[in-house]
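Given next are the chains, with one letter for each unit.
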Amino acid sequence: MSENAPSEVASFLSDSPMKAFVGGKWVEAADGASFTTNDPGTGERLAEVTAMSAADIDQAVQAADKAFRTTGWAEMPANERGVLLHRLADGVEKNIETLARIEALDAGKILEQAVGDIQNFVDTMRYFIDISLHVQHRVPLAVAGHEARTVRLPWGPCGFIFPWNFPFLLIGWNIAPALAAGNTVVIKPAEDTPLSALYLAKIAQQVGIPDGVINVVTGYGETAGAALAAHPKLKRMSFTGSPEVGRMVAEVCGRNLTPVKLELGGKGAAVLFDDIDVEATAESLVGAITFHSGQVCCDATRWLVQRPIYDRFVDACVSRLKQVQVGYQMDEATQMGPVVSEKQRQRILNYLKKGQAEGAELVLEGGPAEVEGHKGSYVKPSLLAGGLDNIAAREEIFGPVAYLSPFDDEQQAIEMVNSTDYGLANSVWSTDLSRANRVAEKMVAGNSWINAHNVFAAGIPYAGINKSGMGGGVLSIDTYLDYTRGLSVVRPL
Ligand code: NAD
């Protein structure tokens, strides 16, 4: 860790109440309102942040619209825009330790994982810059009697609303294609984790991204978020978060005919056939469910295990989960940090109670965890087991809780995987690769992984379907194309 990072973080946090970034200027909400963001590992206040109203959000969208029309950003050749965006990525990389500390403190992320998230932003940005250089933006059409071409152009100002679990990484996944294609952006981070987005704005200003191209607005979902989603000047809307809010966002966008992309929750399954290495698979799935305290939308939270290995697999998981070191996210020995807020902790504990009340067996108790010297929002990992009609097997818990269920044959396993309304990501585990590939294509979701879970790489599309999302995904050339509008230009000969 660089020696300067802690003092840079302290100086950043001392500038309270923190202002939003609109049209290249740091602004406060017109009514002076603010909200508090806490360190979930201690429960203590990190900073006061400006809470914008609908009128403030309007200013931000107007600024993004003006920047699109007047700065030359939209018309800039892709390679020139790429130079500026590489400078942004360089700025983020140079400040990786500062940003990782900010992210770790605000989101309760283990520092090392936060470093990975910030690096992922950099890599994603560079990937989409490369794409923008290679996509053919003008394609001549061979149509008799016409001189014709299709042209790909940016849309205009685009809105982005983010959740609190991967604040900075998700900003990268979503704004990188939009910016590389020449759009301007208004970013609204979650009220639990607004800080890394504000630091990004600081870097954008330092590296000379034209004023109004990147705007960061802060505030509550019901006010700032709702006003952004409903703004008629936005040409595209991207929402990552819960299905409940996603539905509201899609409704208001529908009224304005604003195309909307939703990345929502999940209730993924891992299907474990009896030919697997039980210990190695337990290691992988325990790692996945405890990563960021299970607050990962694409996690495998339903573990479907073929009956002959069920007991052995459960034992292997229980012994590993009992050893997971729960602690403060900034301590090196910590393997699992806090959950993001007291509200989230209560949600997890309530699901444990409701699941048992509906008859689930508590295989590993879990529940609240005490961390000496830190009054944060900690839980222990836990395991439930039973039928998939249980509330804890149907609804997204978003914590370190997995639900176990045995199965007998392939067909039954597929039916169990597909018994959910969600459709984000599942995995199948088997040494029989023909069977694994067959099952992978029968599991109804945006992503099927084989002998692994949570696999991401720029270039592999990631998307949810059904209750897990709509309107496209992220991390691939398709996303870039999504942020361009097609135009046909025709001259009869
Ligand atoms: P959330 O839906 O409560 O909030 C997400 C964002 O929406 C926040 O910025 C919030 O301020 C804003 N918001 C709240 N009410 C709003 C409204 N009425 N109008 C507009 N915006 C509003 O979600 P969360 O609790 O922050 O995040 C957890 C959820 O996100 C989980 O369901 C998780 O699965 C999902 N998620 C999905 C993905 C994915 O890629 N599919 C990635 C990460 C998280």
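Nothing here was measured: the structure is a model prediction, and the numbers come from that model.

Account for the overall build of the chain, with residues named and values stated.
Each helix and strand in the chain was counted, giving 16 helices and 22 strands. For the chain, whose C-alpha radius of gyration is 23 Å, the value lies close to the compact-globule estimate of 23 Å for 493 residues. Along the three orthogonal principal directions, the C-alpha set of the chain runs to about 70 × 65 × 40 Å. Considering the chain as a whole, with its 493 residues, one finds that 58% of them fall into the buried category. Taking the intrachain contacts of the chain between residues at least 6 apart in sequence as the baseline, contacts between residues at least 24 apart amount to 73%. Split by element, the accessible area of the chain, about 19700 Å² in all, is 50% carbon and sulfur. The positive charge centre, built from 42 side chains, and the negative charge centre, built from 58, are 7 Å apart in the chain.

I'd like to hear about the site of the ligand, residue by residue, with values.
Near the ligand there are 28 residues, and of these Phe 162, Glu 191, Ser 242, Leu 264 and Glu 396 occur at the shortest range. Note that an oxygen atom of the ligand is positioned 2.7 Å from one of the backbone N or O atoms of Phe 162. Between the ligand and Glu 191 there is a distance of 2.5 Å, counted from an oxygen atom to a side-chain nitrogen or oxygen. Protein coverage of the free-state accessible area of the ligand, which is 850 Å², stands at 89%. Of all elements in the fold, only helix H8 (221-229), strand E10 (236-240) and helix H9 (243-256) reach the threshold of two or more residues within the shell around the ligand. When its residues are assigned to classes, the shell around the ligand shows 17 nonpolar, 7 polar and 4 charged.

An account of the packing of aromatic side chains is requested, with residue identities and associated values reported.
The tally for this structure, following the rule as stated, stands at 15 aromatic pairs. Pairing Phe 21 with Trp 26 gives two aromatic rings, centres 4.7 Å apart and planes at 45°, and the pair type is tilted. Given a relative accessible area of 32%, Trp 26 falls into the partly exposed group. By the ring-pair criterion, three or more aromatic residues cluster together here, those being Trp 173, Trp 449, Phe 456 and Tyr 462. Positioned above the aromatic ring of Phe 166 is the side chain of Lys 109, whose terminal nitrogen or guanidinium carbon lies 3.7 Å from the ring centre. Lying across the ring of Tyr 483, Arg 236 places its NZ or CZ 5.6 Å from the centre.

Let's hear about the packing of helix H3 (residues 78-94) against helix H6 (residues 167-180): which residues, and what values?
Axis separation between H3 and H6 bottoms out at 11 Å; the angle between their running directions is 165°. With respect to H6, the element H3 is oriented roughly antiparallel. Relative to H6, the crossing made by H3 is right-handed. For the pair H3 and H6, contact is made by Arg 81, Leu 85 and Val 92 and by Phe 168, Leu 179 and Ala 180, respectively. Here the residues of the contact of H3 with H6 sort into 5 nonpolar, no polar and 1 charged.

Explain the sheet that holds strand E5 (residues 138-141) residue by residue, including any values.
Pairing in this open sheet of 3 strands is antiparallel, and the strands run E5-E6-E22 from one edge to the other. Two strands bound the open sheet, and with one partner strand each, they are E5 and strand E22 (484-492). Neighbour to neighbour, the strand axes of the sheet diverge by 20° on average, direction disregarded. Alignment of E5 against strand E6 (residues 146-154), held across 4 bridges, turns out to be antiparallel. Pairing of Arg 138 across the sheet is with Val 151, part of E6.

Could you give me a rundown of the pattern of salt bridges, with the residues and numbers involved?
Under the defined criterion, the tally for this structure stands at 17 salt bridges. Close ionic contact of Arg 491 with Glu 147 constitutes a salt bridge, the shortest N to O distance being 3.5 Å. Within this pair, whereas Arg 491 is found in strand E22, its partner Glu 147 is found in strand E6, the two being separated by 344 residues in sequence. A relative accessible area of 45% places Arg 491 in the partly exposed class. Since its relative accessible area comes to 41%, Glu 147 is described here as partly exposed. The shortest N-O distance in the salt bridge between Asp 482 and Arg 236 comes to 3.2 Å. Highlighted residues: Asp 482 in helix H16 (residues 477-482) and Arg 236 in strand E10, separated in sequence by 246 residues. According to the relative accessible area criterion, Asp 482 is partly exposed, its value standing at 24%.

Break down H3 for me, with residues and values.
When the terminal C-alpha atoms of H3 are compared, their 24 Å separation across 17 residues agrees well with the 24 Å that a helix rising 1.5 Å per residue should span. For H3, the complete set of buried residues consists of Ala 78, Arg 81, Gly 82, Leu 84, Leu 85, Leu 88, Ala 89, Gly 91 and Val 92.

Cut-offs applied
Residues numbered from 1 in each chain as written. Predicted model: local features only at pLDDT ≥ 70, side-chain atom pairs only at ≥ 80, totals over all residues. Heavy atoms only, no water. Helix = DSSP H or I, 4+ residues; strand = E, 2+ residues; numbered from the N terminus. Rg over C-alpha atoms; globule rule 2.2 N^0.38 Å. Buried < 20%, exposed > 50% of the residue type's maximum accessible area, 1.4 Å probe, protein only. Contact = heavy atoms within 4.5 Å. Areas by Shrake-Rupley, 256 points an atom, 1.4 Å probe, with all protein chains shown as cover. Lys, Arg positive; Asp, Glu negative; His and termini not counted. Charge placed at Lys NZ, Arg CZ, Asp CG, Glu CD. Near = heavy atom within 4 Å. Polar contact = N/O pair within 3.5 Å; in protein donor to acceptor, adjacent residues only side chain to side chain. Nonpolar A, V, L, I, M, F, W, Y, C, P; charged D, E, K, R; others polar. Phe/Tyr/Trp six-rings, centres within 6.5 Å; stacked < 30°, edge-to-face > 60°. Lys NZ or Arg CZ within 6 Å of the ring centre and 35° of its normal. Axes fitted to C-alpha atoms, helices over the stretch in contact; angles between N-to-C directions. Parallel < 35°, antiparallel > 145°, perpendicular 65-115°, else oblique. Left-handed = near helix turned anticlockwise from the far one by under 90°. Pairing = 2+ DSSP bridges. Salt bridge = Lys/Arg side-chain N within 4 Å of Asp/Glu carboxyl O. Expected span 1.5 Å × (residues − 1).

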